[in-house]
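So you can see what is in the structure, the chains are spelled out below.
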Amino acid sequence: TMTEIQHILRRQHRIPQGRPDDFEINNQADFLSAFQETTQVFGLLLAGIATVSLLVGGIGIMNIMLVSVTERTREIGIRKSIGASPGDISLQFLIEAVLLSVFGGLLGTILGVVIVNFGKGIIAQSVGAAPVPWVLVISVAAGFSMLVGIVFGSLPAARAAALDPVEALRS
């Protein structure tokens, strides 16, 4: 069909043999391919932004936890002197880091759902479909929040566990 249309248009435009067309013929496959490429680039862009956001959030959690270890040196010393193991101290700070990151992730999820529900009409008009918050996406986000808390809370937890009780009580 495209070839027939091309011959008809060349005849109507009086284009001699061997000359390039002065028109373009596109089909749905071309539009679909362009849409898929755009969607893929947009997805990669969002993944990059999410990665940078997680990194910045993780560094913030790590800094907060390092300050917490420094400010609670005496508490750590007292706990160690009455029998707390390095694992107990480490677990305490890891749990605090995970809770911090999970609460941040929960707050971000709630904010995201509110924004999506608020902008549903606007998004539906511009895109042609209303967004729906998926349970799977929210679950993956919660998992990443926990992972960020564990990864970036490990260094402060290790530092707290490695404190010498005598030096910690002296400070």
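Residues numbered from 1 in each chain as written. Predicted model: local features only at pLDDT ≥ 70, side-chain atom pairs only at ≥ 80, totals over all residues. Heavy atoms only, no water.

Please provide a residue-by-residue account of the side chain of Ser145, values included.
Assignment of secondary structure puts Ser145 in helix H6 (residues 135-162). Not counting chain neighbours up to four residues away, the residues in contact with Ser145 comprise Ser101, Val102 and Gly105. (Helix = DSSP H or I, 4+ residues; strand = E, 2+ residues; numbered from the N terminus. Contact = heavy atoms within 4.5 Å.)

Residue-level account of the environment of Val148, with values.
Relative to the elements of secondary structure, Val148 occurs in helix H6. Sequence-wise, Val148 and Ile49 are 99 residues apart; in three dimensions their C-alpha atoms are separated by 15 Å. Sequence-distant contacts of Val148, defined by excluding residues within four places in its chain, comprise Leu54, Gly58, Ile61 and Gly153.

Give a description of the pattern of salt bridges that names residues and reports values.
This structure, assessed with the given rule, holds four salt bridges. With a closest N to O distance of 2.2 Å, Asp21 and Arg10 form a salt bridge. Within this pair, whereas Asp21 is found in the loop between helix H1 (2-12) and helix H2 (28-71), its partner Arg10 is found in helix H1, the two being separated by eleven residues in sequence. A cluster of three or more residues bridged by salt bridges with shared partners is formed by Arg72, Glu75 and Glu96. (Salt bridge = Lys/Arg side-chain N within 4 Å of Asp/Glu carboxyl O.)

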